Amino acid sequence: MDSWKKNTALFLTSQTLSLFGTMLVQFAIMWHIVLETQSGALMTIYILVAVLPTFFTSLMGGVWADRYSKKHLINLADGSIALISLAIAISLSAGIDSIVLLMITACVRALGQGVQQPAVTSLIPFIVPEDKLMKINGLNGSLQSGIYLLSPLVSASLMSLAPLQVLFLIDVLTDSIAICILYFLVKVPLTERKTDNKEKTSHFTDLIDGLKYLKHQKYLLLLVILSGLYTIFMSPLLVLFPLQITRNFGADLWRLSAAEIGQAAGMIMGGLLIGVWCFRNKVYAIGVSSVVIGILTISLGFWTNFTPYLVCIVIFGISWPYYSAPSVTLIQERVAPDYLGRVLSVFTMLFSLAMPFGMLFFGPLADIVNINQLFVGTGVVMVFLGAMYFISKTLREAGMKSNSENE
C-alpha cells in the first residue's frame, strides 16, 4: 500500500512540475494576444496552432503507449518540449521576437502533448489500485487546478518584471526536474505489450485494432460523440471568456487574472470534493455537470457586473471535475489494458480537433455578433447535450456496471 502511494505521489509531483512550466508560457502568450489585439480571429489562429497539432500525434501516441514504456514516452515528450523552450529562450535573448515565433512554439509543444497525454493517463491505472482511481483522478485534477491558480499569478508578475525568455527558461527547469523524478524515483510495472505481439503487428494495425475496439463498445462510441459535440459548443466558454471580459468589463490584466484564478480555485474544490463524494453512477455525474455548465454559460451572457460573472466562473470550476474525472475513470475501469492508450488517445485527439473546429466558427463569429449572445446560444445547446446522458440507456448502464464491478 505504501509503495503505490509513494509511486503515485512522485508521479503526480513530476507531472505537476511539468504542467507548471507549460502553463507559465501558455498564459504569457495568450494574454499578450488578448491584450494587444482583442481579436477573436487571432485568438482562433492561436488555438489552432496550440491545440490542433495534438490531433496529428495523439493517435500514434496512443499506439506507442500500448506498445512501449509509458514512462519513457512521457520523459521523451517532456525532454523534447524542454529543448524547444531552450531554443526559443535563446532566440528571444538574441532579439528575435515575433508573434509568429510564439505561434510556432505553441505548435511544436502541442505535438509533444499528443504523445505525452495518452501515456500519462493510461499509466495511472498501472500504479493506482482500481478502487482508488476516482480519488486519484480527482486529486490529480485538483493539483492541475492548483497550477492553473498559481501560474497566472506568477506569469503576470514575470511579464511585468522580466522578459519573456525567463518564462521559457523556467519551463526548461521544471521539465528537467520532472524528467529526473520520473526516471530515477518512480517505479512502475512493465507496461509494454508482449514481444511476440509487437513483432507480428505493425503500428498501423495496432491503430486500426484500437479503433475497431472503440467502435464495438457502444457506450464508448456514444461517449466519443457526445464529448466531441459538447467540446465544440463549450469552446467559447473555455477560450473566449477572456475576450468577453475585455469587451464587457475592460482590458484589465487583474480581471483576466481574477477569472483564471477563480476558475482554478473552483476546480481545486471540485477535485477534492469528488474524491469524497460522487454519484454512484458516473454517467449521472457527467450529465449533471454538463447541464450545470451549460446553464452557467447562458448566465455569463447576461451579467453586466463583474462580481456575479466571477462567481459563475468559480462555480464552473467546481462543476468541471464532475465532468472530467468520472469520464476518465469510466474509461480506465472498463477498457482492456492493451487498448487503454489507444482509447485515451482518441479522446485526446477528439479534444484537440473539436476545440479548434469550434473556434473556426465561433472565433470569427465573435467579431461579427455580440459575444454575449454567442455564450447564450452555445449554453442552450450544452444543456441539451447534457440531458442526453440521462436519456441514453446504454450510457446509464455503462455507469452502473462500472460501479457494480468495483463493489
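About the criteria used
- Residues numbered from 1 in each chain as written.
- Predicted model: local features only at pLDDT ≥ 70, side-chain atom pairs only at ≥ 80, totals over all residues.
- Heavy atoms only, no water.
- Helix = DSSP H or I, 4+ residues; strand = E, 2+ residues; numbered from the N terminus.
- Rg over C-alpha atoms; globule rule 2.2 N^0.38 Å.
- Buried < 20%, exposed > 50% of the residue type's maximum accessible area, 1.4 Å probe, protein only.
- Contact = heavy atoms within 4.5 Å.
- Lys, Arg positive; Asp, Glu negative; His and termini not counted.
- Charge placed at Lys NZ, Arg CZ, Asp CG, Glu CD.
- Axes fitted to C-alpha atoms, helices over the stretch in contact; angles between N-to-C directions.
- Parallel < 35°, antiparallel > 145°, perpendicular 65-115°, else oblique.
- Left-handed = near helix turned anticlockwise from the far one by under 90°.
- Nonpolar A, V, L, I, M, F, W, Y, C, P; charged D, E, K, R; others polar.
- Core = buried A, V, L, I, M, F, W, Y, C linked by side-chain atoms within 4.5 Å.
- Salt bridge = Lys/Arg side-chain N within 4 Å of Asp/Glu carboxyl O.
- Polar contact = N/O pair within 3.5 Å; in protein donor to acceptor, adjacent residues only side chain to side chain.
- Phe/Tyr/Trp six-rings, centres within 6.5 Å; stacked < 30°, edge-to-face > 60°.
- Expected span 1.5 Å × (residues − 1).
- Patch = residues over 30% accessible without salt bridge, like charges linked within 9 Å, V, L, I, M, F, W, Y side chains within 5 Å.
- Areas by Shrake-Rupley, 256 points an atom, 1.4 Å probe, with all protein chains shown as cover.

Draft legend 1. Broad picture of the overall build of the protein chain. Secondary structure summary: the protein chain contains 17 helices and 0 strands in total. Taking 407 residues into account, the globule formula puts the C-alpha radius of gyration at 22 Å, and the protein chain, at 21 Å, falls close to it. Considered along the principal axes of its C-alpha atoms, the protein chain spans approximately 60 × 55 × 40 Å. Every one of the 407 residues in the protein chain was classed for burial, and the buried ones make up 54%. Across the protein chain, every contact between residues at least 6 apart in sequence was considered, and the portion connecting residues at least 24 apart equals 89%. The positive charge centre, built from 25 side chains, and the negative charge centre, built from 22, are 7 Å apart in the protein chain.

Draft legend 2. Seen up close, the packing of helix α12 (residues 282-300) against helix α16 (residues 371-391). Two elements in contact, α12 and α16, have axes whose closest approach is 7 Å; the angle formed by their N-to-C orientations is 165°. One element, α12, and the other, α16, form an angle in the roughly antiparallel class. As α12 runs across α16, the sense of the crossing is left-handed. Of the residues that constitute the contact of α12 with α16, the class distribution is 17 nonpolar, 8 polar and no charged.

Draft legend 3. Here's a closer look at the nonpolar core. Ranked by internal contacts, the top residues of the largest apolar core, which has 85 residues, are Leu 220 and Ile 331. Here this core gets 15 residues from one element, more than from any other, and that element is helix α10 (residues 218-249). Residues within four places of Ile 331 in sequence aside, it is in contact with Leu 220, Leu 223, Leu 340, Val 343, Leu 344 and Phe 347. Counting residues in each nonpolar core, the second largest holds 19 residues, with Ala 65, Ala 119, Ile 127 and Ile 181 among its members.

Draft legend 4. Inspection of the side chain of Asp 175 at higher detail. Inspection of the secondary structure assignment puts Asp 175 in helix α7 (residues 164-184). Here Asp 175 sits buried without a salt bridge, and the closest side chain of opposite charge, Arg 109, lies 5.6 Å off (N-O distance). At a separation of 3.2 Å, a polar atom in the side chain of Asp 175 contacts the side chain of Ser 18. With near-sequence residues (within four places) excluded, Asp 175 lies in contact with Ser 18, Asp 78, Ile 81 and Ala 82.

Draft legend 5. Main features of the packing of aromatic side chains. By the definition in use, this model includes 14 aromatic pairs. Where Trp 254 meets Phe 306, the ring centres are 5.7 Å apart and the plane angle is 80°; that geometry is what we call edge-to-face. Here Trp 254 is found in helix α11 (residues 253-276), whereas its partner Phe 306 is found in helix α13 (residues 306-319), with 52 residues between them in sequence. What makes Phe 306 buried here is its relative accessible area of 8%. An angle of 55° between the planes, with centres 5.1 Å apart, marks the rings of Trp 277 and Phe 279 as tilted.

Draft legend 6. Looking closely at α13. Helix length check: α13 (14 residues) gives 20 Å between terminal C-alpha atoms against 20 Å at 1.5 Å per residue, within 8%. Residues of α13 that are buried in the fold lie against α10, α11, α12 and α14 (321-334). Sitting at the head of α13, Asn 305 places a side-chain oxygen 2.9 Å from the backbone nitrogen of Thr 307.

Draft legend 7. Focus on a nonpolar patch on the surface. Taken together, Leu 86, Ile 90 and Leu 169 make up a surface patch of nonpolar side chains, about 260 Å² in accessible area. With respect to the helices and strands, the residue Leu 169 is situated in helix α7.

The values are spatial; any link to function lies outside them.
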